[in-house]
Amino acid sequence: MKSNAQRAHAAHGLSIWLDGLRRGTLASGEFARLIREGVRGAVIDARVTEQAISGATDYDDGLRRLVGEGASVQQIQHTFFLEDAREAADALRPVFEQSKESDGYVSCPLPGAPRDTESMLSAATELFKAARRENLLVQIPATPGGVRACELLAAEGISVHMTLVFDVERAEHVAFAFRQGFAKLKHNRARLWLGPTINRLDAEIDRQLKELIQRGGDEASLEGLLGKAGVATARQLLDQIQSWPEAQGDAPWIRLLVHGTATTDPHQPSDLYSNALLGPLVRSQSFADFSAFQDLNELSAPISEQRDPGPVLTALSRAGVQLENVGSELRSSLSHEQARADEQLHRVIMARREALLEQAPERQRLSLGDAPRPVVEALKSLGRQQAPSRLWSVDPTLFTSDPAQEASIRSRLGWLQSPARMRAHLDDLSSFSREMYRAGFRRALLLGMGGSSLCPEVLASTYGSTPGFLELRILDSTDPDAVNHAAEWADLEQTLFIVASKSGATIEVRSFEAYFFERCKERFGDEAGTRFIAITDPGTSLVELARQRGYIRVFENDPNIGGRYSAVSFFGLVPAALIGADLEALVGDAERMAVGCAPVVPSDDNPGLRLGAFIAGLAKNGRDKLTLICSPEVQGLGSWVEQLVAESTGKQGRGVVPVDLEPLGAPDTYGDDRAFIYVRFGGRAQSPLDLEVEQLVTAGHPVARIGMLAQHDLGGEFFRWEIATAFAGALLGVNPFDEPNVTEAKQETAKLIGQFEANHELTPTAAHSPDSEALALTLDGLQPGDYLVLSAYFERTPERDALFAKIRERLRAQYRVATTLGYGPRFLHSTGQLHKGGPDSGVFIVLTRDRSVDLSIPGKTYSFGVLRDAQAFGDLAVLERKQRRACHVTLGSNVDVGLEQLLSALG
């Protein structure tokens, strides 16, 4: 049944085609449903096919069959394209006939991504003849070789989808070539589609406009052109095509097919292109964008009634943006990108072929031990709720029945599309990282908290230092020692400061920025801002501060992404680029995982759905202590997962307690409140962890095993955990995208700082020594099912981590409870939500130190030491107000001695 939006679009002559058709969409019946609801064509994308092969199970049956028949990699690739094209063409045949052959096509890429005319002609002819479908389009790039191939294909009656057409001059060349070939065949039924990718055009032109603004151009007029080039170009191309006789009549044989209709600029509305591009054209959209399009109620005027694109294009030219050059450069870069996608497809097929022959290990495997039923029931529940379809179509009722929360949830789901949309920025990020290295930077200090710092921390610990790129360090502690040690490391001549804050107003980040900016100002004077970049949401106070101070660059993130879900966005990818991570591989792996978690994937094969059911199904049945075991190579991932799970699920008296970095024990040291996740890095060679985890499985503990083979697999893990956590929230009946209790500790801190500014002192809560009776009594109150929290308000060091490991091991042995460790104040932005909003099963030991060393914060009457202490005392005050079991322990001026004393007191 068509929606009001679809009927209105059809009345304007607009056709919607599905972009990124895959086997699962066909096999599940979703494509047939979309056709009934108004989809009139489809585009097969080599990258999506590759992602479905490597990240999902769409093609597994076909792979087994073809491998069994001895097919080569090239034959498998050709067969997959051919089979998908045939099935889609047959499904679209009624549309093809009803539209008198002007619609109802499937566009198929050429296997092998040939680059020269002869190879394109050969591959296209072979594909068309093998398919034996009149409503098949072959994809050809609008390169010089592609234009010539277009003419030769038209002469054989083969319809062409000419991609990468970005300007009228190129459109004229293509149309002329097509006409030349078309005239050589009597009763020719060939058709031509001209396809610009408008979001990539906007991304490149906007980048140039921002550079012009930075160089002192007219800010007001240049900013007014941002996000305008793509739509203006599409309008101009449509006007030109409409002036040709071939575009007239009931069955036009030259049409405009617009790609890239998902905005990549957070300043622009998500429906920018869908609202602007109405009229006699074809607009391709992803499955997720199609779902959102169905909900549109208000439509703009058709494109023929909209403003003349001439003034925008003229203004761009006057500003110094050479549109023809941009089109040429994009054609070259996107042609290479398509070739790389085809090469990746080839590699993936080869790897999957070899894996089937060798029966390689799975990337995710669940061992449910003695608790299979809760997970099975959770999977069934998600299936009954149609959870994947509702999540991807941004349906907030999956998580809440409160209308007041629905708008908030809708504004927090941008992370679902982030991997695909960030692709448009990868070249820019890579160029920026090289530019920073050429400018003399060798180190980067990221100033952030929570979601803005934990992903970069994972990346830095996993990738390390890469020659030719920057070394990354994170500052997320207000402890004066931590700030001072970061300052000693950050050689001002070589350090780039990354100020990262979603809100732009995080008190810790603004304090760090003030401190390091003042140091740079002392060294560089008015050029201090040239040592800084910012990552934040559009329109925050940090954007304005960066402008005033003259920062090198501000990366404005999609505001529809919550901080802890922002890994595959600018918050994660800018630091990744600076340390030399392979962005293409990192984002590609996230895209593959997204494809594997799509609604068309069966529940049993959906990794995100299965992990979410594992986490929440077990938690609802008492196994709510999610114990994380990570290989040393990816150990940093645990702290990121800890924040994501704790802050997303810990509310309304419910929640999952993630347990990170607790030393692994024998199976009998754990109670029946545990579930385990083992993130394993490496190939087939067995590690000591494998044997210990296998003992847990044998003992009946539920264990989920996740395999990683390469560093860039982090991209997929970020997405897997994000989607699993969303599903876990739905099962637990909580909104996984808010953090209602985090503000309580912030407000208490602000209150204490206000008191300090008025009275010049902080009043500490009652504190006890490590060997005190008060601490012993608190620990003796631990009950089965409780968890023990060590909250440490001082600098983190490897030596202290080692001491805490011994302390946690001893506490677990004595009290048989899960133990967690958080360094303040960073945990206030993560597990702090669980502590205050989750189940009342936590026992809290708040560890502080004397303020012996301190650093002032420029522009403030309080210091870093005062801020740290206010955060510790504020945390305690909120815990006590909520009647949590808590004990304040002071370690004196020497933290390490105090920790040794605590360890001894435990016996």
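Residues numbered from 1 in each chain as written. Predicted model: local features only at pLDDT ≥ 70, side-chain atom pairs only at ≥ 80, totals over all residues. Heavy atoms only, no water.

**Student:** Hey, could you go over the nonpolar core for me, with residue numbers and the actual values?
**Tutor:** The nonpolar side chains of a soluble globular protein tend to be buried, and buried together. Trp-415, Phe-614, Trp-640, Ile-677, Phe-718 and Trp-721 are the most contacted members of the largest nonpolar core, which totals 99 residues. Sort the elements by how many residues they give to this core and helix H31 (residues 714-732) lands first, with 12 residues. Not counting the four nearest positions on each side in its chain, Ile-677 is found in contact with Leu-611, Phe-614, Leu-626, Thr-627, Leu-628, Ile-629, Ala-704, Ile-706 and Trp-721. The next biggest cluster of nonpolar side chains, apart from the first, holds 85 residues, and it includes Ala-123, Ala-142, Ala-154 and Leu-278. (Core = buried A, V, L, I, M, F, W, Y, C linked by side-chain atoms within 4.5 Å. Buried < 20%, exposed > 50% of the residue type's maximum accessible area, 1.4 Å probe, protein only. Helix = DSSP H or I, 4+ residues; strand = E, 2+ residues; numbered from the N terminus. Contact = heavy atoms within 4.5 Å.)

**Student:** Mind laying out the packing of helix H12 (residues 229-242) against helix H15 (residues 310-319), listing which residues take part and the relevant values?
**Tutor:** Look at H12 against H15: their axes get within 9 Å of each other, and the N-to-C directions meet at 125°. With respect to H15, the element H12 is oriented oblique. The handedness of the crossing between H12 and H15 comes out as left-handed. Along its contact with H12, which presents Ala-229, Ala-232, Thr-233 and Gln-236, the element H15 presents Val-312, Leu-313 and Leu-316. (Axes fitted to C-alpha atoms, helices over the stretch in contact; angles between N-to-C directions. Parallel < 35°, antiparallel > 145°, perpendicular 65-115°, else oblique. Left-handed = near helix turned anticlockwise from the far one by under 90°.)

**Student:** Explain the sheet that holds strand E22 (residues 885-890) residue by residue, including any values.
**Tutor:** Sheet architecture is open: four strands sit in the order E20-E19-E21-E22, paired in parallel fashion. Edge positions in the open sheet fall to strand E20 (818-823) and E22, since each of these has one partner strand only. Here the strands of the sheet are splayed against their neighbours by 20° on average, with no regard to which way each runs. Pairing of strand E19 (residues 787-792) with strand E21 (residues 842-848), which is carried by six bridges, proceeds in the parallel orientation. (Pairing = 2+ DSSP bridges.)

**Student:** How would you sum up the pairing of E20? Please name residues and give values.
**Tutor:** The element E20 is largely enclosed, with a buried count of six among its six residues. In E20, alternate side chains face the same way, and those of Ala-818, Thr-820 and Gly-822 on one face and Thr-819, Leu-821 and Tyr-823 on the other are all buried. Alignment of E19 against E20, held across six bridges, turns out to be parallel. From the neighbouring strand, Ala-792 faces E20, where its bridge partner is Tyr-823. Running through helix H34 (residues 798-815), the crossover from E19 to the neighbouring parallel element E20 is right-handed. (Right-handed = clockwise from strand over helix to strand, strands pointing away.)

**Student:** So, the pattern of salt bridges: which residues are in play, and what are the values?
**Tutor:** Any two side chains of opposite charge can pair, given that their charged atoms come close. If you walk through the whole model with that rule in mind, you get 59 salt bridges. Notably, a salt bridge pairs Arg-553 with Asp-428, separated by 2.6 Å at the nearest N-O pair. In this pair, Arg-553 sits in strand E14 (residues 553-556) while Asp-428 sits in helix H21 (residues 426-438), placing the two residues 125 residues apart along the sequence. For the pair Arg-553 and Asp-428, one class covers both residues: buried. In this structure, Arg-868 and Asp-869 form a salt bridge, with 3.0 Å as the shortest nitrogen-oxygen distance. Comparing Arg-868 with Asp-869 shows no difference in burial state: the two are buried. (Salt bridge = Lys/Arg side-chain N within 4 Å of Asp/Glu carboxyl O.)

**Student:** Can you break down the side chain of Asp-481 residue by residue, with the values?
**Tutor:** With respect to the element layout, Asp-481 can be found in helix H23 (residues 480-489). Assessed through its relative accessible area of 18%, Asp-481 is described here as buried.

**Student:** Could you give an account of the packing of aromatic side chains, with specific residues and numbers?
**Tutor:** Scanning the model with the defined rule gives 29 aromatic pairs in all. Taken together, a centroid distance of 5.8 Å and an interplanar angle of 55° make the contact between Trp-415 and Phe-719 tilted. Separated by 304 residues along the polypeptide, Trp-415 in the loop between helix H19 (403-410) and helix H20 (418-422) and Phe-719 in helix H31 bring together distant segments of the chain. Measuring from ring centre to ring centre gives 5.4 Å for Phe-532 and Tyr-551, while their planes differ by 25°; the resulting arrangement is stacked. Here Tyr-551 lies in the loop between helix H25 (541-549) and E14 and Phe-532 lies in strand E13 (residues 532-536), a separation of 19 residues in the sequence. In terms of burial, Phe-532 and Tyr-551 fall into one category: buried. Following the ring pairs from residue to residue traces out a cluster consisting of Phe-497, Phe-512, Tyr-515, Phe-516, Phe-517, Phe-532, Tyr-551 and Phe-864. A cation over a ring is seen here: Arg-179 above Trp-244, with NZ or CZ 5.0 Å from the ring centre. (Phe/Tyr/Trp six-rings, centres within 6.5 Å; stacked < 30°, edge-to-face > 60°. Lys NZ or Arg CZ within 6 Å of the ring centre and 35° of its normal.)

**Student:** Describe in detail the sheet that holds strand E3 (residues 105-108), supporting the description with residues and values.
**Tutor:** Pairing is parallel around the closed barrel formed by eight strands, whose spatial order is E1-E2-E3-E4-E5-E6-E7-E8. Recorded for the sheet is a direction-independent mean angle of 30° between the axes of neighbouring strands. Judged from the four bridges that link them, strand E1 (residues 15-19) and strand E2 (residues 39-43) form a sheet pairing that is parallel. Bridging from a neighbouring strand, Leu-18 pairs with Ala-42 of E2. Across the sheet, helix H6 (residues 73-98) is in contact with E2, E3 and strand E4 (136-141); its angle to E3 comes to roughly 160°.

**Student:** Residue-level account of the environment of Leu-626, with values.
**Tutor:** One can find Leu-626 in strand E15 (residues 625-630). Separated by 611 residues in sequence, Leu-626 and Ser-15 place their C-alpha atoms 48 Å apart. Residues contacting Leu-626, with those up to four places away along its chain left out, are Phe-614, Ile-615, Val-656, Val-657, Pro-658, Val-659, Ala-675, Ile-677 and Trp-721.

**Student:** Describe helix H7 (residues 117-131), with residues and values.
**Tutor:** Taking 1.5 Å per residue, 15 residues should reach 21 Å; H7 reaches 21 Å between its end C-alpha atoms and fits that length. The elements touched by buried residues of H7 are H6, E3, E4 and helix H8 (144-154). The residue sitting at the N-terminus of H7 and contributing the capping side-chain oxygen is Asp-116; that oxygen lies 3.3 Å from the backbone nitrogen of Glu-118. Arg-132 sits one or two positions beyond H7 and adopts a positive phi of about 55°. (Expected span 1.5 Å × (residues − 1). Polar contact = N/O pair within 3.5 Å; in protein donor to acceptor, adjacent residues only side chain to side chain.)

**Student:** Give a detailed account of unusual backbone geometry, specifying residues and quantitative values.
**Tutor:** Cis rather than trans, the peptide bond between Gly-824 and Pro-825 has omega equal to 5°. Structurally, Pro-825 is set in the loop between E20 and helix H35 (831-837). Despite not being glycine, Arg-132 has its phi angle at roughly 55°, a positive value. Structurally, Arg-132 can be placed in the loop between H7 and E4.

By themselves, these figures tell us nothing about what the structure is for.
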